[in-house]
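Descriptive analysis of the structure
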Amino acid sequence: MGQIEWAMWANEQALASGLILITGGIVATAGRFTQWYFGAYSMYPSTGDQEGVHSAAGVLICLLEYPRGKRKKGSTMERCGQKYLTTVVKLFGPLTRNYYVRAVLHFLLSVPAGFLLATILGTVCLVIASVIYLLAAIRGEQWIPIEPKPKERPQVGGTIKQPPTNPPPRPPVEVRKKPSVDEEEATRAGGPQVNPIPVTDEVV
Amino acid sequence: MEAPNLHLTMGNWLANHWLSVLFLVSWLGLNIFLFVCAFLNYEKSDKYFYTREILGTALAFARASASCLNFNSMMILIPVCRNLLSFLRGTCSFCNRTLRKPLDHNLIFHKLVAYMICVFTAIHVIAHLFNFERYSRSQQAMDGSLAFVLSNLSHHEKEGDSWLNPIQSPNTTVMYATFTSVAGLTGVIATTALVLMVTSAMEFIRRNYFELFWYTHHLFIVYIICLGIHGLGGIVRGQTEESMGESHPSNCSNAFLEWDKYEWSCRRPHFVGHPPQSWKWILAPIALYIFERTLRFYRSQQKVVITKVKKYTLSIAVIKALFYLSAKLNCHDVHPKGIKMMRKRGFSMEVGQYIFVNCPSISFLEWHPFTLTSAPEEEFFSIHIRAAGDWTENLIKTFERQHSPMPRIEVDGPFGTVSEDVFQYEVAVLVGAGIGVTPFASILKSIWYKFQRADNKLKTQKIYFYWICRETGAFAWFNNLLNSLEQEMEELGKTDFLNYRLFLTGWDSNIAGHAALNFDKATDVLTGLKQKTSFGRPMWDNEFSRIAAAHPKSVVGVFLCGPRTLAKSLRKCCQRYSSLDPRKVQFYFNKEMF
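None of these values were measured; they are calculated from a predicted model.

So, how was this worked out
- Residues numbered from 1 in each chain as written.
- Chains lettered and ligands numbered in written order.
- Predicted model: local features only at pLDDT ≥ 70, side-chain atom pairs only at ≥ 80, totals over all residues.
- Heavy atoms only, no water.
- Contact = heavy atoms within 4.5 Å.
- Buried area = accessible area lost by both parts, 1.4 Å probe.
- Salt bridge = Lys/Arg side-chain N within 4 Å of Asp/Glu carboxyl O.
- Polar contact = N/O pair within 3.5 Å; in protein donor to acceptor, adjacent residues only side chain to side chain.
- Helix = DSSP H or I, 4+ residues; strand = E, 2+ residues; numbered from the N terminus.
- Buried < 20%, exposed > 50% of the residue type's maximum accessible area, 1.4 Å probe, protein only.
- Pairing = 2+ DSSP bridges.
- Axes fitted to C-alpha atoms, helices over the stretch in contact; angles between N-to-C directions.
- UniProt positions renumbered as here; feature names shortened; annotations may be inferred.

So, on to the interface of chain B and chain A. The interface is formed by 36 residues belonging to chain B together with 37 residues belonging to chain A. A buried area of about 3300 Å², summed over both sides, lies between chain B and chain A, and 74% of it is on carbon and sulfur atoms. Sorting the residues of chain B by area buried against chain A places M175(B), F204(B) and Y209(B) first, and these three jointly supply 20% of that buried surface. Between chain B and chain A we count zero salt bridges in total. Across the contact surface, chain B and chain A share four residue pairs in polar contact (both at pLDDT 80 or more). For the side of chain B that touches chain A, the secondary structure elements donating two or more residues are α6 (106-140), α8 (174-180), α9 (182-200), α10 (203-208), α11 (210-217) and α17 (390-400) of chain B.

As structure tokens, then:
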């Protein structure tokens, strides 16, 4: 198990938890679920905002976790369209690079969701993701953004080291046809190259 | 050859895959049927009239999705019972090849069922969230409604255990009710296990960190156990038969304020909980799977004698550099390969089968699949291992140690895959990319033996073999094999039986220059074979049209062991070059899945 990058799995787990959290929040809001506090004997009627908070937290988690980090070895498959979010996530620098921060963040986000039954599943999954991120951070893993490879512009003439010094081999004089007077004049007149021997087009 | 239009391509595909399509359609159909049946039962039946009074339609959704979950949890274990599948493949050897095709797609089916389980779990959980919420509300609603009256039924002790609402007191929160009931607790645990299994089984994780996937996927045991005991609490309650006879809801539901008040009024309804149903669905597949794993354990105890281990690298002089490189780059750009030859008693195989290998000294629990590269006619069996991860690298390192004894190896299998079908085709096109050549090595060796023993029952008349490789060192593996095949074909005067081409995709100008200079030599500079190595990738259109032209009336089987992109292009070519006339040339595509 030595080569496992735990952060990769934590990333998948956190993304899934984010989605579950969003779903739980939507269900609780849509059903107008009442919220209860442990041990309290009074009832707090819910407003739509409270459950909406969990959905918002879920969205934040999804946005943070969507861009996949770069693997240490080998090629990493990007998620579809992740490069836009990569630029945003990169902006936060060490906050998003460091996995300790992520572990703590996920743990903190999971706590309030633990009070609502609709989002308890999100809490459990997010706590697990937080633990895996902690493990990744302890092993020194970091989030490295996947940079788009700069397009290699084809260098025109870059591979030509030196122009050839000898003219290309020509067939012997006997085989060549005698050029007409016009052609001779044309070749002598202009063009970047002046041929020492008149050139004709030979069709083999 | 003009590509036929889309309808005809689809028609061709359907002709090849009709059994798989039928199977999938039946599975989907059963899901829909179970869902609708359960839904209608809980939504319409009088038995649940009072239950619906509190819960509404969420009850029906929860129960319908539960029914489908039972069905799918049963189905999910079956595609991974490899012995069963091999057995089916064996008994069906007289069936035509389209009937056995679905067996190749077992893992696809497993994933589909898993996705379905996720969907139904989501429906089930959401429906039960509503159910618990409504139970809780009706317990508190002091409005004297029917729901409230029903919820308070448990308070009448003399009638015993005939409550309806599991939330018994207005002070009980839904959270408390969930975590103190068997159903709630097992539900949360099972769903968490499901989520963990799914996230670690994502393609990215599975391909790159296989051990993580393998170990985490064993959480299915937790899932199955939780599923089995999920229904123990009998929370889903319906009116008893007796009570229905006495005071049917159609007569008594409106007079709920007067239940038991007077002599002539209705009796209070009595309820009874459902016994758990899930175990009935999952018992058989569990037994089957336990049998599978027991078989694996039993086979692993059998003695495996390792007779030879050989490591292939580019050349002796370069080994040192390779080791240095491998330490630096950590073995991803360098592929030392190992080959083992083991002899096992009572072991019989067919061409192209695979085995699971376990090395207890490296990892007690991990079993990794490897294709067998030996032929059934040989006394020993062999595998080729490419260093592609922790376990394989450790295995190779263990064998390289000079002074320690040979590590013990356990083997389970062999299990059948698609290569067994090669000899059923008149013409076979075998395409192997890199290490994907291993099943075909087995086939080619088997052919060698068959010709040696003058086996004239061979249906196959012609084989086209394409091997696509990135580096020259890789050719060393099977040089000997291809060499001896070349010789044997010449001796028997059957030089046109085997037509093979090797393609080197990772070439540079040095290699190309070298090859160009030695153009006139009879044998290839890189491999020493008569067949010259080609550079780059094959142009499949040319190859396929050439084959179609050479065999206008044959059925051609195309077998690939390699990457998905190659599978796509080959599949397209198969469809494009198969004739519309079923009597003319037909290409059937088969892909190994590893």
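Another point: the side chain of E5(A). Within the secondary structure, E5(A) is located in the segment before α1 (6-30). Within the local environment of E5(A), its side chain forms a polar contact with the backbone nitrogen of K72(A), the two atoms lying 3.0 Å apart. If we skip the residues at most four places from it in the chain, E5(A) touches K70(A), R71(A), K72(A), K73(A), E141(A) and Y209(B).

This part covers the pattern of salt bridges. In the structure shown here, the tally under the stated rule is eleven salt bridges over all chains. Linking R564(B) and E203(B) is a salt bridge whose minimum nitrogen-to-oxygen distance equals 3.2 Å. Of this pair, R564(B) sits in helix α22 (residues 564-577) while E203(B) sits in helix α10; the two residues are 361 residues apart in sequence, bridging distant segments of the chain. The class for R564(B) is exposed, based on a relative accessible area of 54%. Salt bridges sharing common partners tie together E12(A), R68(A) and R79(A).

A separate point is the sheet that holds strand β5 (residues 354-358) of chain B. Two modes of strand pairing occur in sheets, parallel and antiparallel, and in both the strands are linked by backbone hydrogen bonds. Residue and element names in this part refer to chain B. Reading across from one edge, β6-β5-β8 is the order of the three strands in this open sheet, with antiparallel pairing throughout. Each of the sheet's edge strands pairs with one partner strand only, and the pair in question is β6 (368-371) and β8 (410-415). Neighbour-to-neighbour, the strand axes of this sheet turn through a mean angle of 30°, independent of strand direction. Of the strands in this sheet, β5 and β8 are in contact with helix α15 (residues 278-300), which crosses β8 at around 125°.

This paragraph deals with the UniProt feature "transmembrane region" (unreviewed entry) in chain B. All names here are of chain B. The residues that UniProt annotates with the feature "transmembrane region" (unreviewed entry) are residues 20-42, 112-132, 174-198 and 218-236. The span residues 174-198 is 96% helix and 0% strand, and its two end C-alpha atoms sit 28 Å from each other. With 53% helix and 0% strand, residues 218-236 has end C-alpha atoms that lie 30 Å from one another.

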